[in-house]
Structure formats: structure tokens, C-alpha cells
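Observations on the three-dimensional arrangement
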There are 2 protein chains.
Amino acid sequence: MNCEIIGVGTELLLGDILNTDAQYLARELAAMGIGLHYQQVVGDNPQRMRECISNALERSELVILTGGLGPTADDLTKEICCEVMGEELVLDEAILENIRSYFVSRGRAMSENNRKQAYVPKNGTVFRNANGTAPGCAVEKDGKVAIMLPGPPRELKPMFENEVKPYLSEKTGGIIYSRQVRTFGIGESDMASRVADLLEGENPTVAPYAKDGEALLRVTAKAQTKQQAEEMCDRIIGKISERIGEFIYSTDGANLEETVVRLLLKNGKKLALAESCTGGYIAKRITDVVGSSAVFEYGIVSYSNEVKQRLLGVSTETFEMYTEVSEQCAAEMAQGAKQLSNADFALSVTGISGPGGGSEDKPVGLSYIGFAYPGGVTVKELRTGKKENAREYNRYVAASTALHMLIEYFKGREG
Amino acid sequence: MNCEIIGVGTELLLGDILNTDAQYLARELAAMGIGLHYQQVVGDNPQRMRECISNALERSELVILTGGLGPTADDLTKEICCEVMGEELVLDEAILENIRSYFVSRGRAMSENNRKQAYVPKNGTVFRNANGTAPGCAVEKDGKVAIMLPGPPRELKPMFENEVKPYLSEKTGGIIYSRQVRTFGIGESDMASRVADLLEGENPTVAPYAKDGEALLRVTAKAQTKQQAEEMCDRIIGKISERIGEFIYSTDGANLEETVVRLLLKNGKKLALAESCTGGYIAKRITDVVGSSAVFEYGIVSYSNEVKQRLLGVSTETFEMYTEVSEQCAAEMAQGAKQLSNADFALSVTGISGPGGGSEDKPVGLSYIGFAYPGGVTVKELRTGKKENAREYNRYVAASTALHMLIEYFKGREG
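Since the structure is predicted, the reported quantities are computational estimates derived from the model, not experimental observations.

**So, the sheet that holds strand 12 (residues 248-250) of chain A**
All names here are of chain A. Across the sheet, which stays open at both edges, the 4 strands sit in the order 10-11-9-12 with antiparallel pairing between neighbours. On the outer flanks of this sheet lie strand 10 (205-211) and strand 12, each paired with one strand and no other. Neighbour-to-neighbour, the strand axes of this sheet turn through a mean angle of 35 degrees, independent of strand direction. The pairing of strand 10 with strand 11 (residues 214-223) spans 7 bridges and is antiparallel. Directly across from Lys211, in strand 11, lies its bridge partner Glu214.

Laid out in C-alpha cells, this is it:
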């Protein structure tokens, strides 16, 4: 079964919002063994929507539309898609009642334009919306299926998980299984050349890509059962590990922060943070991980030197002799953060994220990353060498490098 | 001039990466007055790439392709696009030399497969890549233009800004100007119904949408000069402000953290943070803003109660009588954070982000947000009422609510 996603909304074409729905659906469809061949985005323009939807229904068996189910006049997905498929929309009193009570439960009154959302395809399937007012729906005609889902991710995701998956699973055979091999410290093309022969494979396929300063490999196997597909992936991942094992930190898609939290949980250790230029980015990423509270002691975002000194005990000499962007400052920040807490480890970052603040010998993109562990402290110098629009990138990679220092520490011990 | 964006890469269809390039280009094109009518995404599949590109060149004057310029065998954008347009690829020795020196400057050797990136369209325009090895290029044939750009945002953005914009600006007339009206504390459909008549306008257009717990209006005017377009937008925004002014916090697209940093700079005040469930998210968002170092004193991520007590001075009684998820704890955290520093204001958040940790009377999504200011402290209770996949959402909205409390404070004073 081949599929196509159509994101509907002028806000997507104007770049006001990111199309995260497409990424989420792409992942889920791949995992279900539904081949996604195209994505499209079209604005709230009836004529162009008609063309897009017709074109998609011609070349794809399953078309998933996201967005345009809202209460406002420019929300036309249901209307146009049903028109193209020759399906009638009818008012569903029960849904109208749900929408009313949704507002009541939030102490608000339903505005009249929400009525529109209670119209559903006469012969279609309706998907309830546990997190909003717009129901989703599916229409089947001439062997083609169109599924319409609300745009807001917090409405779309649970609806897909709880309502659409069961609906689709009846229609699919076989499965596609994907695994992600994540590396740190090697470039994409270097990695690719080391596993070049494996990239030629048909099943499993191995595809390299770069993301936020990391190089990744996506291993995807097609098989009748999940177990068969898993075994096929395991074999290839074994070969990959022989080539670039030193750079691999996870083979199940776990990102750096998830890997760090896992390692700390497994070893019953706690972490503290002292962040300057990363400004809480490491703390944010660690606390993105469910369960991190058990291993994350605290973090201090010490943007001012006064705080570096008073809370973390960085010495006046260090500021005077080396400035706050120095190996010495990073070391003292990490040690200070560890001493101030019950943590077993502390990570620190001080650097120049840009766009301003760089100099000849201390350019934008320079960071010092400290790691305090039982019995010592070590500091890494990082030069991202990126000059333009680099603030977010510099901060992300500095945070990643810090997280990876902790992973390396455990890797060294586990041999 | 109408345009279409094609994102190339199986990693997009598998959902391994988010198509942020499409959002960036969409914004830039809108600002340049180039109408973006479609976006497509296609995998690294020669046949489907051919179809996508031919289809795009038929219906659009300008086609921008992103990705697939990498060094690996599945990077085929240049090859297929030039084939479709009947353009020849030739090796450019100078570019090959640049690529070599790019690696040398990073103390690495160029791997052979990077040679591929030195091939460019014989009669095309080449865009240099200041941040990577893949040059971009443009091909013009039969009144159609195809532009090929590298996928990694940190390579694509500067290339578009410095090389592609000048190239495109010659080809465009007139301009489209967009303004974003950002609100907090009102739902999308409520907002839309209050400005319903304005949503009917043709030029400027007014489009509502919801994003991360905020309701926004996008005002877009077409005119001959930027000044005319700006005036057209100003008039509509004036009308919008009469209807929903109380909820508006910015009319120039500035988000909550940018608005907070601006207000603090303008008033010469400093901010401190004490974050529990948001785990550094507020600090991260504030330090995303260039110049925040002048107004951001420090932040403490106090995940453990021990730290809330020792560093922030939350009293034992508070934990015993009210638990750490309470109005009292939020108030003491904010006051503690303010006292511990030279800051004029402090924000605090304590709550239950989920998925676990919720109870009948203290459900997931409940947060208390404290705001300490000269002469007082105030606490808001937030119930996001979202049950599923809500951790990121709950944390984001709690952070947003905190930031907005500071904005309200200044709004109240400026009248």
C-alpha cells in the first residue's frame, strides 16, 4: 500500500509553522509498513487543493491530509476532499454536542463557527478528537482511501495512535522495520565511505544522513514478520559496528540525552550542570527525557561571571588570567557544580555562541566543555568553525559534546 | 513569479528529519514577494524524482530543490534535475580545490566520493557554500528556473541569504509584506470570531492559526513598494487591536522570549529563574535571544527538593503541608531566586509535566508559576488539561505562561 501526505494550510506555505505532522506520520507509516512516496503542501486555495488531492488520489492508494479542519472560513479540507471524491457532508448532532461540552468543560462558550466542525462524510469513518474540537475522518472510494486529520500535533498524534492505526492496520500486509545507528565525532561522508558497500544493499537498505552535527545511518528492512525484519537489521548493524563502532553511541534511535539518562539510571549516578553559553539547553534536553528527575540533581545557568564566582566558586584569578571562556573556567565550573551538590558528575559549558562576542583568538563557535567525575575533571575544546546564523547550532553542538563526554566516560569503563 | 519547493531525501519520507528548510525558504520567498504555491517531498528515487521535478516545472516558474547534493551514492538531485532539463554536468576544478581545502582546514582528508560534489551544470549559475562542501546551483531553461541547494540548514540558509537572494531579486517585481500579530490567553476560534469580518479581506489578507498554545494572526499585503504594504498592514492591525488588544503582546512577529528580553533591555532590568518541571526550558528560550546576556542574571534548574530548599530556601513546612507542586512552593522559589541574585524579577515554575506523576487533585498538566517583582510575588495556576503525549506541550506552555506574566507586568505599567 503506497501513501502520500498532503499538508493543507497557507501558514505552511508562508513558513509560519513547521510541518512536524509530516515527520510524525512519516515515522508511523514506515513502522506500519506503509510506503510513503510523496509529501505535498498546499495553501487554503480551493482550486489548488482540488488539483493536489486529485493528483494524489491518482498516484497513491492512501492519501492523508493534515490541517484545514479548523472552525474558520479558510479551513476547507473536508469540503474540498469530499467534493473531489463525490462524498456528501452531513451534520452529526452527537459530535456537535461533544464540541459544545468540550468548551463547557473549559468554562468557555462554543462560538458559532465551531458548528462547521460537526459536519462529517455521510459514508465515511469518523475519528474522535480527544484533545480538540475537530474530528478526523476517512472516506473510501474506488479502492482509494483519504484520511483527514486536524493540524495541531497534540490533536493529530493521539488521534492517529488511537483511532487511525487500528483502522489502517486491517488494510496492510507485511511490515517495514527501521533502526537508527547514531554516531558522534565522525563526518557523514567519512562514515559513508567506511560503509560504502553496505549502502548498496536493497533489503535491508542503509541510508546515511547528517543531523545537528551528528552522522546517522538508517537501516530499513522489509519482511513478513517484525522478528524477521529485526534480525535482518541486527545482522547489518553488526557489520556497521565492526567498521565504525568507536563512533556509535546508540543503535536503537536513542539520542544523546536519552542515552545519558539511561546510563545514569543503570549505574545509579546523578548529574549536575553548570551552563554558560548553552543557557539551559543541556538541562532542557535532559529533562525532555521521561524519568530524568531520578538522575538530574540540578543545573545552574550562570550567564553572569558574578554567578560563576559566587555560586560555582570560579576564582578571580581565572577570570583575570584566562577570561570566562577558558579551559580553566570550564574546569572550575564543573568542579564547583559537582561540589555544590550530591551529584556524582557535573558537566559545564562556557563559550561564545555568537553572533557577537568573538575575537581573533577566541572566535564565535569556540567552547570549553568541562566534565567533573569522581576523582578528576577533564575539559574539551570545541571549535564549530561555523560563522553564519550559527547561534542555535553552536549551542546545540556544545550541549551534544558535553552529553557525549559522559557517554564516553561510561563506554571507557564498560570496555 | 510563482514558486514551488521540492525537498529531496528518503530521510524526509521516513521522518528521520524535519523539513525546516521548507519553512525557512517559505518565509524568505514570501518576504521577497515570490508566491509559494506548493511544496513537495520526494525520496531518493530517480523515477519519482523525475516525475516530481517535471510536474513542478510545468506548473511553477521557479522550482527550488533542497537536499540530495551530498557526497553519497543516493544523492541525485543535481543529476536528475539536470537530466530533466537537458543540462550537462561538468567537473569544476576550482570547486574541487575548495572542497579539498575545506577538509584540510579541518585537519581531515577529502574522501573520494566528495569529488561528485564538484560537478556543476555547464550553463548554470553556481552558489558557493561557505559552510560545507556541496555548492548550490541554478539552471534556466525555457523561462523556467531550477535552483538546487544543500539540505543542511546551516549550509542552505547562508547560501540563500548571500548568493540566491541577489540572484532572485533581479527576477521579481512588486512585493508581499507580512506581519504577525501574536496573542496569549485567547483561543484560535474565539479570536477568529472576534475578527471574522477582517478574515474576509482580499488584500491585506488576515489568516488565523494556533501554535503551541498561542493564537496568531498573519496579515499579508501585496503592493508595489514595501512602504505601501506596511501601511496597509498597519491599518488592519489597528483594527485588530481594537477588537483583541488585551491579548496582543507583539505585532512584529516577536515571540514571547524576544518580547521579554526587549522589555528588560528597555527598562534596564534583570531576570532570574527557578525552574522545576520546565527543566531549563525558560532559560533556554531566553538565551536563544541575542543580547539576552545583558538582562538574564542566572537560572537554577531545581529538579530535586533538596536543591529547592538549599539554594532557593523553600521551607520544610511548604513541602510537608503543600508538596512541591503548590502555589506556596512556586512563590518561595521565585522569591528565593530573586533574593539569591541581583535580579529585579524572578520567575519560577513547579508542576507535573507527565506522562507520570499525576494524581486526582494534582493531574498531569498542573503547574504553578511564580513571579517575584520589586515589592511582591504573584502565582498563577495553569491547567493545560492535555492528557496524551503532553510532556513537551505542558513544559512549553508553562514556560510561555511564565514569560507572559513578565510581559503583563510591564503592560500594566505602560498602561
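**Notes on the packing of helix 2 (residues 20-32) of chain A against helix 6 (residues 153-169) of chain A**
Residue and element names in this part refer to chain A. Relative orientation of the contacting elements helix 2 and helix 6 amounts to 25 degrees, with a least axis distance of 11 Å. On the basis of the axis angle, helix 2 is roughly parallel to helix 6. Helix 2 and helix 6 meet at a crossing whose hand is right-handed. Contact residues: helix 2 offers Thr20, Asp21, Tyr24, Leu25, Glu28, Leu29 and Met32, while helix 6 offers Pro153, Leu156, Lys157, Phe160, Glu161, Lys165, Leu168 and Ser169. Class assignment for the residues of the contact of helix 2 with helix 6 results in 8 nonpolar, 2 polar and 5 charged.

**Section: the domain arrangement of chain A**
The assigned domain composition of chain A is domain 1 (2-172), domain 2 (175-250) and domain 3 (256-414). Here domain 1 of chain A and domain 3 of chain A have C-alpha centroids that lie 43 Å from each other.

**Observations regarding the interface of chain A and chain B**
Across the boundary between the two partners, chain A contributes 93 residues, which contact 94 residues of chain B. One can count 6 salt bridges joining chain A with chain B. With a closest N to O distance of 2.1 Å, Arg218(B) and Asp16(A) form a salt bridge. Where chain A touches chain B, the interface holds 30 residue pairs in polar contact (both at pLDDT 80 or more). Broken down by element, the residue count for the side of chain A that touches chain B peaks at 7 residues, all from strand 2 (residues 35-42) of chain A. Pairing geometry for strand 14 (residues 296-301) of chain A and strand 14 (residues 296-301) of chain B, over 3 bridges, is antiparallel.

**So, the packing of aromatic side chains**
Tallied over the entire structure, the rule returns 24 aromatic pairs over all chains. Judged by centre distance (5.4 Å) and plane angle (40 degrees), the ring pair of Phe371(A) and Tyr373(A) falls under tilted. With a centroid separation of 5.1 Å and 70 degrees between ring planes, the pair formed by Phe345(B) and Tyr409(B) is classed as edge-to-face. Here Phe345(B) is found in strand 15 (residues 345-351), whereas its partner Tyr409(B) is found in helix 14 (residues 391-414), with 64 residues between them in sequence. Residue classification places Tyr409(B) among the buried residues on the basis of a relative accessible area of 14%.

**So, the pattern of salt bridges**
Inspection of every chain in the model, using the stated rule, returns 51 salt bridges over all chains. In this structure, the salt-bridge partner of Glu246(A) is Arg194(A), at a minimum N-O distance of 4.0 Å. Of this pair, Glu246(A) sits in the loop between helix 8 (226-244) and strand 12 while Arg194(A) sits in helix 7 (residues 188-194); the two residues are 52 residues apart in sequence, bridging distant segments of the chain. Among the residues examined, Glu246(A) registers a relative accessible area of 60% and is labelled exposed. When its relative accessible area of 32% is taken as the criterion, Arg194(A) is described as partly exposed. Among the ionic pairs, Glu381(A) bridges to Arg383(A), the shortest N-O distance being 2.9 Å. A single network of salt bridges, built from pairs that share partners, joins Lys284(A), Asp288(A), Glu392(B) and Arg395(B).

**Let's talk about unusual backbone geometry**
Residues and elements named next belong to chain A. Backbone torsion omega between Gly354 and Pro355 reads 0 degrees, so that peptide bond is classified as cis. Along the polypeptide, Pro355 turns up in the loop between strand 15 (345-351) and strand 16 (366-373). Phi is positive for Asp142, which is not a glycine, with a value near 50 degrees. Among the structural elements, Asp142 can be located in the loop between strand 7 (136-141) and strand 8 (144-149). Asp142 sits in the exposed class, given a relative accessible area of 73%. Even without being a glycine, Thr323 presents a positive backbone phi close to 65 degrees. Summarising the element assignment, Thr323 is placed in the loop between helix 12 (316-322) and helix 13 (327-339). In this structure Thr323 comes out as partly exposed when scored by relative accessible area, which is 34%.

**Observations concerning the sheet that holds strand 9 (residues 175-183) of chain B**
The pairing of strands in a sheet happens through backbone hydrogen bonds and is either parallel or antiparallel. Residue and element names in this part refer to chain B. Taken in spatial order, the 4 strands make up an open sheet running 10-11-9-12, and their pairing is antiparallel. The open sheet is flanked by strand 10 (205-211) and strand 12 (248-250), the only strands paired with a single partner. For this sheet, the mean angle separating the axes of adjacent strands, direction not counted, is 35 degrees. Each of strand 9, strand 10, strand 11 (214-223) and strand 12 is contacted by helix 8 (residues 226-244), which is oriented at about 145 degrees to strand 11, the strand it contacts most.

**A short note on empty space enclosed by the protein**
Overall, the coordinates contain 5 cavities of 30 Å³ or more when judged by the stated rule. Of the volumes computed, that of the largest cavity is approximately 120 Å³. Looking at the lining of the largest cavity, the elements that each hand over two or more residues are strand 1 (2-8) and strand 2 of chain A together with helix 2 (20-32) and strand 2 (35-42) of chain B. Residues of the lining of the largest cavity, tallied by class, amount to 8 nonpolar, 8 polar and no charged. Within this model, the second largest cavity holds a volume of roughly 50 Å³. Residues that form the lining of the second largest cavity fall into these classes: 3 nonpolar, 3 polar and 4 charged.

**Brief notes about the relation of the copies chain A and chain B**
Under the fitted operation, chain A is carried onto chain B by 0.0 Å of movement along the axis and a turn of 180 degrees, and the coordinates agree to an RMSD of 0.1 Å. What we have between these two chains is a two-fold relation. With an isologous cut-off of 70% or more, the 100% of interface residues of chain A that recur at the interface of chain B puts this contact in the isologous class.

**Concerning helix 6 (residues 153-169) of chain B**
Residue and element names in this part refer to chain B. Maximal helix bending in helix 6 amounts to about 45 degrees, located at Phe160. Along helix 6, the residues that are buried comprise Glu155, Leu156, Pro158, Met159, Phe160, Glu163, Val164, Tyr167 and Leu168. Considering only its buried residues, helix 6 is in contact with helix 2, strand 3 (62-66), strand 6 (125-127), strand 7 (136-141) and strand 8 (144-149).

**Focus: the environment of Val289(B)**
Looking at the secondary structure, you find Val289(B) in the loop between helix 10 (281-287) and strand 14. Residues Val289(B) and Pro71(B), 218 residues apart in the sequence, show an inter-C-alpha distance of 34 Å. Those residues in contact with Val289(B), other than ones at most four positions away along the chain, are Arg391(A), Glu257(B), Glu258(B) and Val261(B).

**Describing the packing of helix 3 (residues 46-59) of chain A against helix 4 (residues 77-85) of chain A**
Residue and element names in this part refer to chain A. Here helix 3 crosses helix 4 at 50 degrees, and the two axes come no closer than 10 Å. Classified by the interaxial angle, the pair formed by helix 3 and helix 4 is oblique. Two packed elements cross with a definite hand, and for helix 3 against helix 4 that hand is right-handed. Here Pro46, Met49, Arg50, Ile53, Ser54 and Leu57 of helix 3 lie close against helix 4, whose contacting residues are Thr77, Ile80, Cys81, Glu83, Val84 and Met85. Within the contact of helix 3 with helix 4, the residues separate by chemical class into 8 nonpolar, 2 polar and 2 charged.

The rules behind the values
Residues numbered from 1 in each chain as written. Chains lettered and ligands numbered in written order. Predicted model: local features only at pLDDT ≥ 70, side-chain atom pairs only at ≥ 80, totals over all residues. Heavy atoms only, no water. Pairing = 2+ DSSP bridges. Helix = DSSP H or I, 4+ residues; strand = E, 2+ residues; numbered from the N terminus. Axes fitted to C-alpha atoms, helices over the stretch in contact; angles between N-to-C directions. Parallel < 35°, antiparallel > 145°, perpendicular 65-115°, else oblique. Left-handed = near helix turned anticlockwise from the far one by under 90°. Contact = heavy atoms within 4.5 Å. Nonpolar A, V, L, I, M, F, W, Y, C, P; charged D, E, K, R; others polar. Domains from an automatic or database assignment. Salt bridge = Lys/Arg side-chain N within 4 Å of Asp/Glu carboxyl O. Polar contact = N/O pair within 3.5 Å; in protein donor to acceptor, adjacent residues only side chain to side chain. Phe/Tyr/Trp six-rings, centres within 6.5 Å; stacked < 30°, edge-to-face > 60°. Buried < 20%, exposed > 50% of the residue type's maximum accessible area, 1.4 Å probe, protein only. 1 Å grid on protein atoms, 1.4 Å probe; cavity = no way out; pocket = protein on both sides within 12 Å on 5 of 7 lines; lining within 4 Å. Points joined across faces, edges and corners; volume = space filled by probe spheres on them. Least-squares fit on C-alpha atoms with pLDDT ≥ 70 in both. Bend = angle between axes of the 7 residues up to and from the residue.

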